[in-house]
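As a plain string of letters, each chain reads:
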Amino acid sequence: MSEIQRLNKAVTPLVEQAQAGDQEALSELLRGCHPAVHRWALSLTADPDDADDVAQEVLVRLHRSLGRFEARSRFTTWLYQVTRNAARDQRRRRERTERWATHEYREELQPRADQADRLDELHRSNVADLVKSFFDELPERQREVFDLVDLQDCRPVEVSEMLGMNPSTVRAHLLRARRTIRKRILERHPEMAEEYGR
Amino acid sequence: MNCTEARELLLEAELAELGGEGESELARHVRDCAQCRAMAREIVAQERALAQALATVRPAVSTQAAVARAADAAGARVVPLRPRWKRRWAALVPAALAATVAGILLTSNGTSPADVSWGGEAPVTAAVPVVDAADSKTFVVFNTDNPDIVVVWFY
């Protein structure tokens, strides 16, 4: 059972209670969702600080809009859509800020110390230098699909439902992402570089 | 299957196959060929490490604090006055227009008020047709001088 299936099973009973006005159920629901939402946001934004903001925004939206969830899809599918929308809005805000920032101001937008510490968490293992950068460089849709299927063990059919995407399109994105990342992994090995190197 | 074919397939295969699981040609080749097995293991190891690295990035704010903030933020939302006014006017304008048109028709044709039927109520004259409208629709029926023609205005 994937993390998402486990989450869905755990929070589904809370959704109805929260919709009926049970504040304790609502808090428990938000607590249950926060780690998964943050994890998705990290993949969608490729930035720990943005992921924090997106996760916080999703909790607020969940608080306000839970009444609009009509159970026509799985709760986690709906929640993932809310997270994607929040990540999209965050990206637009960031783009606007960066567009308007002057050269001097841009310097202030460089990673702060606390952000640098958190990026270090990633860089502490060799994987950060190697695969994390490959992962971050993937086109967003490929990164999203690769993350959900290969890193979070979701079934492709589940992912196609979550992303509202045709299963064959999901598979195409997945194979392209795998090919890009794996080629680059193998290029790094001297004995394999000749075969996979560009 | 030779190594060249196997290495091409390694780039897109499922992780289980890379681990030599199952009876596919690739899985069998991975089990039998040490070099291809080394490549497959490298891919699996790096992808697992990536998954682990992403999982170790925790939110800067604890879940407890994030939930409390969300509750505050959701409660603090004030509905702006302007949209509410807009909505109220949006409902009033068609009704006012309907009343005006009805007034003009009544005055110009000398029609008695009994000839006008307002939506949702029983017809006041036998000549008014039965209008089949959804509950959410409001309508006004105007009789004309021609008994075969009535005007039904949905708004």
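## Concerning the overall build of chain B
1) Next: The number of helices and strands found in chain B is six helices and three strands.
2) Next: When burial is assessed residue by residue, chain B has 26% of its 155 residues classed as buried.
3) Next: Residue pairs at least 24 apart in sequence account for 32% of intrachain contacts in chain B once pairs closer than 6 positions are excluded.
4) Next: For chain B, the accessible area works out to roughly 9,900 Å², and carbon and sulfur atoms hold 57% of it.

## Quick look at the pairing of strand 3 (residues 150–154) of chain B
1) Next: The sheet contact formed by strand 2 (residues 139–143) of chain B and strand 3 of chain B spans five bridges and is antiparallel. Considered in strand 3 of chain B, the bridge of Val141 of chain B is made with Val152 of chain B.

## Some details on the packing of aromatic side chains
To describe a pair of aromatic rings, you give the distance between the ring centres and the angle between the ring planes.
Residues and elements named next belong to chain A.
1) Next: Scanning the entire structure with this criterion turns up five aromatic pairs over all chains.
2) Next: Summarising the aromatic geometry, the rings of Trp40 and Tyr80 are spaced 5.0 Å apart at their centres and angled 75° between planes, so their arrangement reads as edge-to-face. Of this pair, Trp40 sits in helix 2 (residues 23–45) while Tyr80 is found in helix 4 (residues 75–100), placing the two residues 40 residues apart along the sequence.
3) Next: Since its relative accessible area comes to 1%, Trp40 is described here as buried.
4) Next: Residue class for Tyr80 comes out buried when judged on its relative accessible area of 2%.

## What to know about helix 2 of chain A
All names here are of chain A.
1) Next: End to end, helix 2 covers 30 Å across 23 residues, agreeing with the expected 33 Å (1.5 Å per residue, within 8%).
2) Next: One side-chain oxygen of the residue at the start of helix 2 lies 3.0 Å from the amide nitrogen of Glu24, identifying that residue as Asp22.
3) Next: Immediately downstream of helix 2, the backbone of Ala46 shows phi near 60°, a positive value.

## Looking at the packing of helix 1 (residues 3–10) of chain B against helix 3 (residues 25–32) of chain B
All names here are of chain B.
1) Next: With their axes 10 Å apart at the nearest point, helix 1 and helix 3 run at an angle of 115° to one another. The angle between helix 1 and helix 3 places the two elements in the roughly perpendicular class. Relative to helix 3, the crossing made by helix 1 is left-handed. Contacts between helix 1 and helix 3 involve Cys3, Ala6, Leu9 and Leu10 from the first element and Leu26, His29 and Val30 from the second.
2) Next: Each residue belonging to the contact of helix 1 with helix 3 can be placed in one class, and the counts come to six nonpolar, one polar and no charged.

## Some details on the interface of chain B and chain A
The accessible area lost on association of the parts is a frequent measure of interface size.
1) Next: The interface is formed by 38 residues belonging to chain B together with 40 residues belonging to chain A.
2) Next: Summing the contributions of chain B and of chain A, the shared interface buries around 3,600 Å²; its carbon and sulfur component is 63%.
3) Next: Counting across the interface, chain B meets chain A through five salt bridges.
4) Next: Counting the contacts that link chain B with chain A gives 13 residue pairs in polar contact (both at pLDDT 80 or more).
5) Next: When contributions to the side of chain B that touches chain A are tallied by element, the ones reaching two or more residues are helix 1, helix 2 (15–18), helix 4 (34–56) and helix 5 (63–76) of chain B.
6) Next: At 13 residues, helix 4 of chain B tops the list of elements feeding residues into the side of chain B that touches chain A.

## A short note on unusual backbone geometry
Leaving glycine out, the prevailing phi sign among residues is negative, and the prevailing peptide bond configuration is trans.
Residue and element names in this part refer to chain A.
1) Next: Positive phi, normally seen in glycine, also occurs at Ala46, with a value near 60°.
2) Next: Its place among the elements puts Ala46 in the loop between helix 2 and helix 3 (48–65).
3) Next: Residue Asp153 is not a glycine yet carries a positive backbone phi of 60°.
4) Next: Here Asp153 lies in the loop between helix 8 (140–151) and helix 9 (156–163).
5) Next: You can call Asp153 exposed: its relative accessible area is 56%.

## Observations regarding helix 1 of chain B
All names here are of chain B.
1) Next: For helix 1, the set of buried residues is Ala6, Arg7 and Leu10. Projected down its long axis, helix 1 carries its buried residues within an arc of 100°, all on one side.
2) Next: The N-terminus of helix 1 is capped by Asn2, whose side-chain oxygen sits 3.1 Å from the backbone nitrogen of Thr4.

## Re the nonpolar core
Buried together is how nonpolar side chains tend to be arranged in soluble globular proteins.
1) Next: Leu29, Trp40, Leu66, Phe75 and Leu148 of chain A are the most contacted members of the largest nonpolar core, which totals 59 residues.
2) Next: For this core, the leading source of residues is helix 2 of chain A, giving 10 residues.
3) Next: Setting aside residues up to four positions removed in sequence, Leu29 of chain A forms contacts with Val11, Leu14, Val15, Ala18, Leu66 and Phe75 of chain A.
4) Next: Counting residues in each nonpolar core, the second largest holds 14 residues, with Leu186 of chain A together with Leu11, Leu26 and Ala40 of chain B among its members.

## Some thoughts on the environment of Arg155 of chain A
All names here are of chain A.
1) Next: Considering the arrangement of structural elements, one finds Arg155 in the loop between helix 8 and helix 9.
2) Next: Take Arg155: its relative accessible area is 43%, and that puts it in the partly exposed class.
3) Next: Here the alpha-carbon distance between Arg155 and Ser2, two residues 153 residues apart in the chain, equals 7.9 Å.

About the cut-offs
- Every chain is numbered on its own, with residues counted from 1 as its sequence reads.
- To read the labels, note that chains go from A and ligands from 1, taken in the order they are written.
- Only residues with pLDDT of at least 70 get local features here, since the model is predicted, and only at 80 or more are side-chain atom pairs given and counted; chain-wide, interface and lining totals rely on the full set of residues.
- Neither water nor hydrogens contribute to the side-chain values; these are computed over all heavy atoms in the structure.
- Strands are runs of DSSP state E lasting at least two residues, helices are runs of H or I lasting at least four, and both sets are numbered from the N terminus onward.
- Each residue gets one of three labels from its accessible area relative to the maximum for its type: buried under 20%, exposed over 50%, partly exposed in between, using a 1.4 Å probe on protein chains only.
- Contacts between residues were defined by any pair of non-hydrogen atoms, one from each residue, lying within 4.5 Å.
- Accessible areas in this description were obtained via Shrake-Rupley with a 1.4 Å probe; residue shielding takes into account the shown protein chains only.
- Two strands qualify as a pair provided DSSP detects at least 2 bridges between them.
- Aromatic rings from Phe, Tyr and Trp, with only the six-membered ring used for Trp, were paired whenever their centres fell within 6.5 Å, and each pair was classed as stacked if the ring planes differed by under 30 degrees, edge-to-face if by over 60, and tilted otherwise.
- Multiply 1.5 Å by the residue count of a helix minus one, and that product is the helix's expected span.
- Under the rule applied, a polar contact is a pair of N or O atoms within 3.5 Å (in protein, one hydrogen donor and one hydrogen acceptor; residues adjacent in sequence only if both atoms are side-chain atoms).
- As a rule, the C-alpha atoms of each element are fitted with a line to give its axis, helices using only the stretch in contact, and angles between N-to-C directions run from 0 to 180 degrees.
- These descriptions rest on fixed angle ranges, namely under 35 degrees for roughly parallel, over 145 for roughly antiparallel, 65 to 115 for roughly perpendicular, and the rest for oblique.
- In this scheme the crossing of two helices becomes right-handed for a clockwise turn of the near helix relative to the far one and left-handed for an anticlockwise turn of less than a right angle.
- As a working rule, the residues Ala, Val, Leu, Ile, Met, Phe, Trp, Tyr, Cys and Pro are called nonpolar, Asp, Glu, Lys and Arg charged, and the rest polar, with Gly in that last group.
- Defined in terms of a 1.4 Å probe, buried area is the accessible area two parts forfeit on being brought together, summed over both.
- The rule for a salt bridge is simple: a side-chain nitrogen of Lys or Arg has to be within 4 Å of a carboxyl oxygen of Asp or Glu.
- Regarding the arc, it is the one traced by the directions from the helix axis to the C-beta atoms.
- Only buried residues count toward a nonpolar core. Its members are Ala, Val, Leu, Ile, Met, Phe, Trp, Tyr and Cys residues joined through side-chain atoms within 4.5 Å.

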